[in-house]
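# Summary of the model geometry
Single-letter residue listing:
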Amino acid sequence: MRFDVIVIGAGAAGMMCAAEAGIRGRRVLLVDHAERIGERIRVSGGGRCNFTNREVGPENYLSRNPHFCRSALARFTPWDFIARVERRGIAYHERDHGQLFCDDTAQAIIDLLRGDCDEAGVQWAQPCAVQRVRHLGVVGEERFEVETDEGIFRTTSLVIATGGLAVPKMGATPFGYRLAEQFGLPVVPPMAALVPLALPPEMLAQLKPLSGVSVAAAAQAPPASPEFREAVLLTHRGVSGPAILQVSSYWQFQAATGAQGPVHVDLLPGEDAAGWLAGRQRSRALLSTLLGERLPRRFAQAWCALAGGDRPLDTYALRDLEALGDRLNAWSLTPSGTLGYAKAEVTLGGVDTDALSSKTMEAREIPGLYFVGEVIDVTGWLGGYNFQWAWSSGWVAGQFA
Ligand code: FDA
């Protein structure tokens with residue numbers, strides 16, 4: 001059977017792309033090997049899907065080419081997606097940092113995309129595994145042959161929307177990377193991102209009893225990461241929470257360039273901790289008692305133990321208090337690694353943007369071959385940015401495929 005467009009991967013980007021191509025009158029087949037479509041959407045945002053963010057720009061993404069995402073994000077913006085959400089009558093609300101969530105379940109977003117595909121006449125092969133893709137050449141209507149469980153299909157345009165490697169148990173595969181390599185396209189080595197960080201055993205031994213304690217802090221992965229002022233959560237294996245997930249992407253990104261250093265956590269963001277401690281030098285209170293005014297008490301005690309002891313403030317020299325204050329403003333953690341794809345939200349790296357047109361998502365050297373969504377080397381911050389990239393890149397490819 002022959003199609004104008006075959007999209008492999010019925011996640012966020014694939015469904016958006018298929019619907020858009022279908023609206024243009026293209027004969028579209030959407031193929032996915034999973035039993036249920038949109039699994040990542042279903043579990044996202046704690047089941048409420050943080051489907052976009054009010055403020056989206058290239059600075060919210062990591063990529064070897066930080067400008068690549070600019071065009072697609074400008075052509076299909078958060079407001080374009082919000083308009084679709086409102087048209088379907090899906091109730092939503094805003095949380096901190098401009099993050100938009102469904103009031104009810106994430107299923108509403110899957111239904112929206114499925115509805116758009118159905119209205120655009122998209123055909124489905126799902127669940128259906130892809131065995132092989134063959135390039136038939138660049139001349140003529142039928143450029144690709146896709147061999148699947150349901151038969152062999154030929155198509156003019158082939159869109160790869162198979163996502164990244166995060167959470168393998170939800171159907172993630174390296175299909176997109178392998179296919180890029182089959183066509184000679186470079187792939188930036190994938191790594192887990194938005195992922196909890198593991199701590200070395202000696203540090204973990206002291207912090208483990210605090211598992212579950214959350215601190216309102218600000219984290220940063222010098223030299224390149226911005227500061228993320230959000231919660232840091234201590235876990236039985238290391239650190240997590242939104243601030244750590246955000247910096248984990250930068251920490252991993254810097255590993256690839258050899259610039260990976262410690263992660264800094266500011267435990268008293270916005271406050272000159274050295275000055276605050278120096279002002280209490282005459283107090284007889286224990287250091288941990290004073291810190292307990294601003295930090296969870298158990299955490300304050302463990303932090304003092306890590307910092308070399310816990311004594312009455314009036315027994316410290318001024319310069320020692322100032323040094324402790326500096327450490328409070330930049331508590332330095334050297335992760336031993338990450339918790340890997342099983343606990344990651346996204347994948348850093350992917351199909352190298354140098355090989356793709358930022359206007360169409362088409363491979364520069366292979367007419368008719370497109371990549372959309374997370375499979376590309378564009379990785380968003382936590383906060384709805386990854387779905388927005390899926391919508392924007394899927395929409396753009398849908399106008400050309
Ligand atoms: P996506 O992974 O959605 O879809 C890929 C599809 O391809 C899947 O349906 C899969 O079955 C299919 N596939 C894979 N290999 C295949 C093969 N070999 N053959 C056929 N089909 C194949 N982002 C955000 O912005 N806000 C949020 O709230 C969250 N929350 C969140 C929670 C959790 C737990 C995770 C794991 C991730 C998030 N994310 C997120 C990230 C977001 O889910 C992710 O970036 C997008 O789903 C990426 O969309 P894609 O369409 O590119 O891939």
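The sections below set out a description of the structure shown in this document. Worth saying up front: this structure is predicted, and the values here are computed from it rather than measured.

## Some words on the pattern of salt bridges
- Within this structure, the stated rule accounts for 18 salt bridges.
- A salt bridge links Arg88 to Glu119; its shortest N-O distance comes to 3.3 Å. A residue pair is termed long-range when its members are at least 10 positions apart, and Arg88 in the loop between α4 (78-87) and β5 (92-94) and Glu119 in helix α5 (residues 107-119) qualify at 31 residues.
- On the basis of relative accessibility, which here comes to 37%, the residue Arg88 falls in the partly exposed class.

## What to know about the packing of α4 against α5
- α5 packs onto α4 with a crossing angle of 90° between their chain directions and a minimal axis gap of 10 Å. In terms of orientation, α4 and α5 fall into the roughly perpendicular class. Of α5, the residues touching α4 (which contributes Phe81, Arg84 and Val85) are Ile109, Leu112 and Asp116.
- For the contact of α4 with α5, the class distribution of residues is 4 nonpolar, no polar and 2 charged.

## Quick look at α5
- For α5, which comprises 13 residues, the first-to-last C-alpha distance of 18 Å matches the rise-based estimate of 18 Å (1.5 Å per residue) to within 8%.
- Turning to α5, its buried residues number three or more, namely Ile109, Ile110, Leu112, Leu113, Gly115, Asp116 and Cys117.
- Just beyond α5, the residue with positive phi is Gly121, at close to 75°.

## Things to note about the sheet that holds strand β6 (residues 99-102)
- In space, the 3 strands of this open sheet follow the order β3-β6-β5, with antiparallel pairing throughout. Strands with a single pairing partner mark the edges of an open sheet, and in this sheet they are β3 (50-53) and β5. Geometrically, the sheet is characterised by an average inter-axis angle of 30° between neighbouring strands, direction not taken into account.
- In the sheet, β5 pairs with β6 via 3 bridges, with the strands oriented antiparallel.

## Here we look at the packing of aromatic side chains
- Under the defined criterion, the tally for this structure stands at 13 aromatic pairs.
- Relative to Trp395, the ring of Phe76 lies with its centre 5.6 Å away and its plane at 25°, an arrangement referred to as stacked. Taken together, the positions of Phe76 in the loop between α3 (70-75) and α4 and Trp395 in helix α13 (residues 385-400) put the pair 319 residues apart, joining distant regions of the chain. Note on accessibility: Phe76 and Trp395 belong to one class, buried.
- Pairing Phe228 with Trp381 gives two aromatic rings, centres 4.7 Å apart and planes at 80°, and the pair type is edge-to-face. In this pair, Phe228 sits in strand β14 (residues 228-234) while Trp381 sits in the loop between β21 (379-380) and α13, placing the two residues 153 residues apart along the sequence. We note that Phe228, like Trp381, is buried.
- In textbook terms, an aromatic cluster arises when at least three aromatic residues are bridged by ring pairs, as seen for Phe51, Phe81, Tyr92, Phe387 and Trp391.
- A cation over an aromatic ring shows up here: Arg27 above the ring of Phe3, its NZ or CZ 4.8 Å from the ring centre.

## Quick notes on the sheet that holds β14
- Read from one edge of the open sheet, 7 strands run β17-β16-β13-β14-β15-β12-β18, paired in antiparallel fashion. Each of the sheet's edge strands pairs with one partner strand only, and the pair in question is β17 (331-333) and β18 (337-338).
- Both strand β12 (residues 197-198) and β18 contribute to a ladder of 2 bridges, which runs antiparallel. Counterpart to Leu197 in the pairing with β18 is Thr338.
- Together, β12, β13 (214-220), β14, β15 (238-240), β16 (263-266) and β18 form the strand contacts of helix α8 (residues 242-256), whose direction differs from that of β14 by roughly 100°.

Reading guide: rules and limits
- Residues numbered from 1 in each chain as written.
- Predicted model: local features only at pLDDT ≥ 70, side-chain atom pairs only at ≥ 80, totals over all residues.
- Heavy atoms only, no water.
- Salt bridge = Lys/Arg side-chain N within 4 Å of Asp/Glu carboxyl O.
- Helix = DSSP H or I, 4+ residues; strand = E, 2+ residues; numbered from the N terminus.
- Buried < 20%, exposed > 50% of the residue type's maximum accessible area, 1.4 Å probe, protein only.
- Axes fitted to C-alpha atoms, helices over the stretch in contact; angles between N-to-C directions.
- Parallel < 35°, antiparallel > 145°, perpendicular 65-115°, else oblique.
- Contact = heavy atoms within 4.5 Å.
- Nonpolar A, V, L, I, M, F, W, Y, C, P; charged D, E, K, R; others polar.
- Expected span 1.5 Å × (residues − 1).
- Pairing = 2+ DSSP bridges.
- Phe/Tyr/Trp six-rings, centres within 6.5 Å; stacked < 30°, edge-to-face > 60°.
- Lys NZ or Arg CZ within 6 Å of the ring centre and 35° of its normal.

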